[in-house]
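# Understanding the architecture of this molecule
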Amino acid sequence: MKPEAEQKKQRKISDPRALVNRIHMRWHIFAYFLGFCAFLLLLLWLLQIVYLDAFYRQIKTDQIARIASTLDDNIDNRDLPDLIVRMAQSNDVCITVAQVHTVNRFLLGVDVLEKADILGNCVIHHMPDDEYYRFYELAEKNGGSYSLLFSRQWFANDEYQSDRFIGRVPEADQGLSSSLIYVKLVENDAGDTIMLLLNSNISPVDSTREALRVQLIYITLILVFVALLLSLLISRHLASPIASINKSAAKLAREDFSGGFADGGYLEISELASTLNYVSAELSRADKLQQELVANISHDLRTPLTMIGGYAEAMRDIPGENNKENIQLIIDETARLTSLVNNVLDLSKLNAGIVNNKPCSFDLNADLAATAENYNRLLAHEGYQIHYTPGPPCPVYADQSQISQVTGNLLNNALTYTGPDKQVTLRLEQQAGQARVSVIDNGPGISPEQLADIWKRYYRVSESHRRSARGSGLGLSIVKKLVELNHGDCGVSSQVGQGSVFWYSLPLAQPPAEEGNGK
Ligand code: ADP
């Protein structure tokens, strides 16, 4: 036994899922938060540090292309010079508008029409004329526009070389801005080719990037701390109702039904609590019933056993007592004991689902007629009478002995509870593909509050009826189980003082096939 338990424990430890199940909820939540933070930080890192330059350049290029397109739209406007100056100032760009003289796309000359030189150190206003030709050709080849980004290092002409120093020294091209030149060829209303030249400086973003990097380190630390705090708070909020439910469940496991399951403050926990409260109530009821059963059954067993013992002793010791009546009494009491024990056994088998159901087609009418006749023969001397008017054949498909047991249980109850006239009626009707059997008595009836409970195991309305010693409160639950097993239904209608009608119904058997009839 011991090594097996040891092995089980070992298996549990090596199983990663079992290991995960042993981790406290707060660490699960913390891990999720950390994952989320890591994702967020990675995104920020990529966008703000790694691709910052590329973004900035792209934004500048888009901006300068937009300015060129606005100028193109207004190329014939009288007030174009004003627009050029205003756009140059508000966007920090230098602008040159030049007319291009060409023959067969061969550039002959360039006349600068307008210019706005606001940067002071731009390239387009300080370049030799040859460059116009170069930019014209590049734009011409590129479908009418061209953009060029280059480091101002090319123009800085200094001798700084970073590899001559040690430590974290600036790279040769670091700290110097880049320059973005945008060329666009447009045509005015007169058909002249106009070259728009725009130049903007792209400042280095290294210092910004460094500031963001430091900020990100702080943000990371703050986020980890907040994630830890939040996971503790959330786990406490989530886990405390679960822990309280767990405590109550442990109590329930010890068969302590006092104290219910507390509501958790959110839907899922409330639902779990109400389900467990229901389970607890049912378990408590079952426990109570079980205790009652032990009391009932021991009482039910003791009464006939005492009688059998008493009569047997009297027959042994008292002359003349060894007579036929006393022997019959012992036989009757033994029969009662047997029926009680059989009922308990039947119900436990039915509940365990180990009852063999052997359905076959049989005539329920004939079965009921025979049952009524047997009962009448046996009970005639006690004055009881069962009225049954046989009708047409009524074929049903069910387990015949189980259905006989159902009829027997209902008849026994009706005979036990019927009024002083000792009359019971048995009736069979066929309707809507169903055979319906009713057992009618004119006894005290059952109150509406008790009607729902009589089908429960070990339930007995009261101990005061005439043949109560016979009842164990099992008969009707056996009836219900057997009828359900045979795909039928059962029920009762009763009113206090007006007798009861207990009924069950079974599906009618399919009529035999045509060819079978012909034979
Ligand atoms: P029991 O063996 O005690 O009769 P049952 O399960 O057969 O157990 O019946 C449960 C309870 O239903 C009975 O104790 C009785 O109070 C009530 N009952 C059953 N049949 C009738 C009836 N025909 N008239 C009045 N009460 C009945």
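Residues numbered from 1 in each chain as written. Predicted model: local features only at pLDDT ≥ 70, side-chain atom pairs only at ≥ 80, totals over all residues. Heavy atoms only, no water.

### Here's the deal with helix α12 (residues 400-417)
- For α12, which comprises 18 residues, the first-to-last C-alpha distance of 26 Å matches the rise-based estimate of 26 Å (1.5 Å per residue) to within 8%.
- For α12, the set of buried residues is Gln402, Ile403, Val406, Thr407, Gly408, Asn409, Leu410, Leu411, Ala414, Leu415 and Thr416. (Helix = DSSP H or I, 4+ residues; strand = E, 2+ residues; numbered from the N terminus. Expected span 1.5 Å × (residues − 1). Buried < 20%, exposed > 50% of the residue type's maximum accessible area, 1.4 Å probe, protein only.)

### Points about the packing of aromatic side chains
- One pass over the full model with this rule turns up two aromatic pairs.
- With a centroid separation of 5.9 Å and 70° between ring planes, the pair formed by Trp27 and Phe30 is classed as edge-to-face. Taken as a pair, Trp27 and Phe30 lie in helix α3 (residues 25-50) at a separation of three residues, close to a single helical turn.
- Take Phe30: its relative accessible area is 15%, and that puts it in the buried class.
- A cation sits over an aromatic face here: Arg134 above Phe135, 5.3 Å from the ring centre. (Phe/Tyr/Trp six-rings, centres within 6.5 Å; stacked < 30°, edge-to-face > 60°. Lys NZ or Arg CZ within 6 Å of the ring centre and 35° of its normal.)

### What to know about the side chain of Asn199
- Summarising the element assignment, Asn199 is placed in strand β5 (residues 193-202).
- Once you skip the residues sitting within four places of it in the chain, Asn199 turns out to touch Ile64, Val93, Cys94, Leu119, Cys122, Val123, Ile124, Ser179, Leu180 and Ile181. (Contact = heavy atoms within 4.5 Å.)

### As for the sheet that holds strand β11 (residues 489-494)
- Judged by pairing direction, the sheet is mixed, and its five strands sit side by side in the order β7-β9-β10-β12-β11 without closing on themselves. If you trace the sheet from one side to the other, it starts and ends with β7 (385-388) and β11, each paired once. On average, each strand axis in the sheet is inclined to that of its neighbour by 20°, with strand direction left out of account.
- Of the pairings in the sheet, the one linking β11 to strand β12 (residues 500-507) comprises six bridges and is antiparallel in character. The partner of Asp489 across the bridge, within β12, is Ser505.
- In the packing of helix α11 (residues 364-379) onto the sheet, contacts are made with β7, β9 (423-431), β10 (434-441) and β12, and the angle to β7 comes to roughly 160°. (Pairing = 2+ DSSP bridges. Axes fitted to C-alpha atoms, helices over the stretch in contact; angles between N-to-C directions.)

### Focus: unusual backbone geometry
- Of note in this structure, Glu255 is not a glycine but carries a positive phi near 60°.
- By the secondary structure assignment, Glu255 is in the loop between α8 (206-253) and α9 (267-317).
- Residue Glu255 is classed as exposed on the basis of its relative accessible area of 56%.
- The backbone phi angle of Ala432 is positive, close to 50°, even though this residue is not glycine.
- Examined against the element boundaries, Ala432 turns out to sit in the loop between β9 and β10.

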